[in-house]
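These are the residues of each chain, in order.
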2 protein chains.
Amino acid sequence: MALKNLEVACDYFLNDPDSIFSPLSEEEKKDLFANHICTVYKKGEIIFKEGDKPTGLICLANGKVKIFKEGVGGREQIVRMASPLGFIGYRALFAGQNYSGSALALEDSIVCILEKEALFNILKNNAEITLALMKKMADELGISNTRTVSLTQKHIRGRLAESLLLLVDTYGLEEDGRTIRAYLSREDLANLSNMTTSNAIRTLSTFASENLISLEGRKISILDMKKLERVSDMG
Amino acid sequence: MALKNLEVACDYFLNDPDSIFSPLSEEEKKDLFANHICTVYKKGEIIFKEGDKPTGLICLANGKVKIFKEGVGGREQIVRMASPLGFIGYRALFAGQNYSGSALALEDSIVCILEKEALFNILKNNAEITLALMKKMADELGISNTRTVSLTQKHIRGRLAESLLLLVDTYGLEEDGRTIRAYLSREDLANLSNMTTSNAIRTLSTFASENLISLEGRKISILDMKKLERVSDMG
DNA sequence: TAAAAAAAATGTTTTATAACACATTATCCC
DNA sequence: GGGATAATGTGTTATAAAACATTTTTTTTA
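For clarity, every value in this text was computed on a predicted model and none was experimentally measured.

Q: What exactly am I supposed to notice about the interface of chain B and chain A here?
A: A common way to report how large an interface is uses the accessible area buried once the components associate. On the chain A side, the residues contacting the 38 residues of chain B number 38 residues. Both sides together, the interface formed by chain B and chain A hides about 3,500 Å², and carbon and sulfur atoms give 68% of it. When residues of chain B are sorted by the area they lose upon contact with chain A, Met134, Leu141 and Gln153 of chain B head the list and together hold 19% of the total. Our enumeration of links across chain B and chain A arrives at 0 salt bridges. Connecting chain B to chain A are 16 residue pairs in polar contact (both at pLDDT 80 or more). If you list the elements that add at least two residues to the side of chain B that touches chain A, you get β5 (76-82), α3 (90-95), α4 (116-123) and α5 (127-153) of chain B. Tallying contributions element by element places α5 of chain B first for the side of chain B that touches chain A, with 20 residues. In the side of chain B that touches chain A, the residues fall into 15 nonpolar, 14 polar and 9 charged.

This is the structure we're talking about:
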């Protein structure tokens, strides 16, 4: 992609009225803009790795990104799915730590990195934006705690159903109003749902045979949302 | 406890140099002080319940508190153990949500509640403190994500060992240098470690028979910290 | 201080899900 | 375009941990 398009892609984070940075003065925005980098990551590329040091606030302008941790015996657990106009890796940045998880582009993605020092210089004088970022993190902590309970207590069917609903929530549906706008491998779906790939495949098949969903390769369409929600709630 | 002692107990949060509120002006501190309440909760009493609306920032001056969520079939998962000089329920406060978990005093506890509006009026003009609170939340989110992986992937022995180490970390050791300064029921220990009470009891006994720990009612002493850490890491 | 209730301990059975094995089908890339 | 590699699909077995059952001990309270 041409450099110009990259810059346009990052425009939102500084100039859109919905962006949390909109309260900034023109001068402050210029300052942030002068200290940012836009980058393209191809499908499958690592954006950052567990242990890396954050260099700034990463904004996802375009694409899909999974944030995951390596667990027992290298087994992967997907902690979060990031969608456009969201932030990535800001937990480590604000905790003053190295990344505690890795981020990988699930499709070609554009990110915009607001350099750390310039950002903190502005946040130091701007509690409104800091509070807005804090709200995002508070939301995420709530989700994380809820997920801990779901992933530990729900049975396989409930966990997988919950993951499908999470994907709908995060990435929405295609024009047909039923196809999940995200095309994950069975393995990623398994790592999102805390189960083996075999069990993800098997349970998807079962869901399809129950007419909860339909399958066509990686394309998953939701045929009965109500029932899927019930499976997610009840197990 | 006399009201005066209660006020003294809350003194730290406003006046101790280590408190995140120490950068405030005298006037701001007075304002916060004018809008705070101190309360005593007896062992076993609920401080707040899932669904309640936060009224302010709850500071734990004294005691031990568990924060937990109800899961599948009412099964409890302890999300966090709070210790003195820490904050409770601030996630919901900053997310602008009702509480997503409940808090219960595990022993007689003193809390100090800084009233919401007064607090936000001050935070609005004070990014330094807001950033300090954000750091706390970022730390907690990191812990939560790590716990999700541990609780889902580790085996029972690993999970229980991790919980014992967490208790040491949170509440420290008694004078003897090996007894955990927290006396939980087997049930709480189980709910912290995502297992049934029976299995917590059984696994504790096994640890004792392996001379990793010694047991005397609720008193748990760590005999071999290195080995316990290895069990936590390896499963 | 006795009775009741709760907590702890322990043995047995059942079950959900991981682990394994292998076949089939896509997709990558030389 | 075809060989290699990765992803998907399915049946079988093994096992960790829940569920269940019962006893013993401790704590509460009447």
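Q: Teacher, can you tell me more about the nonpolar core here?
A: One broad rule of soluble globular proteins: the nonpolar side chains tend to lie buried together. If you look at the biggest cluster of nonpolar residues, it comprises 61 residues, and the most contacted ones within it are Phe21 and Phe94 of chain A together with Phe21 and Phe94 of chain B. Those residues within four positions of Phe21 of chain B in sequence are excluded, and the remaining contacts are Phe13, Leu14, Lys29, Leu32, Leu57, Phe87, Leu114, Leu119 and Ile129 of chain B.

Q: Would you explain the protein's contact with DNA strand C in this entry?
A: Near DNA strand C there are 16 residues, and of these His155, Ile156 and Asn199 of chain A together with Arg186 and Arg202 of chain B occur at the shortest range. Here Arg218 of chain B contributes a side-chain N or O atom positioned 3.5 Å from a phosphate oxygen of DNA strand C. Of all the secondary structure elements, the ones that give two or more residues to the surface near DNA strand C are α6 (156-171) and α8 (197-209) of chain A together with α8 (197-209) of chain B. The element contributing the most residues to the surface near DNA strand C is α8 of chain B, with 4 residues. A class-by-class count of the residues in the surface near DNA strand C yields 3 nonpolar, 8 polar and 5 charged.

Q: Can you help me understand helix α9 (residues 225-234) of chain B in this one?
A: Along an α-helix, residues three or four positions apart point the same way, because every turn accommodates 3.6 residues. All names here are of chain B. The complete set of buried residues in α9 reads Leu228, Val231 and Ser232. One side of α9 carries all its buried residues, which in axial view fall inside an arc of 100°. In α9, the exposed positions angled more than 90 degrees off the buried face are occupied by Lys226, Asp233 and Met234.

Definitions and cut-offs
- Residues numbered from 1 in each chain as written.
- Chains lettered and ligands numbered in written order.
- Predicted model: local features only at pLDDT ≥ 70, side-chain atom pairs only at ≥ 80, totals over all residues.
- Heavy atoms only, no water.
- Contact = heavy atoms within 4.5 Å.
- Buried area = accessible area lost by both parts, 1.4 Å probe.
- Salt bridge = Lys/Arg side-chain N within 4 Å of Asp/Glu carboxyl O.
- Polar contact = N/O pair within 3.5 Å; in protein donor to acceptor, adjacent residues only side chain to side chain.
- Helix = DSSP H or I, 4+ residues; strand = E, 2+ residues; numbered from the N terminus.
- Nonpolar A, V, L, I, M, F, W, Y, C, P; charged D, E, K, R; others polar.
- Core = buried A, V, L, I, M, F, W, Y, C linked by side-chain atoms within 4.5 Å.
- Buried < 20%, exposed > 50% of the residue type's maximum accessible area, 1.4 Å probe, protein only.
- Near = heavy atom within 4 Å.
- Arc of directions from axis to C-beta.

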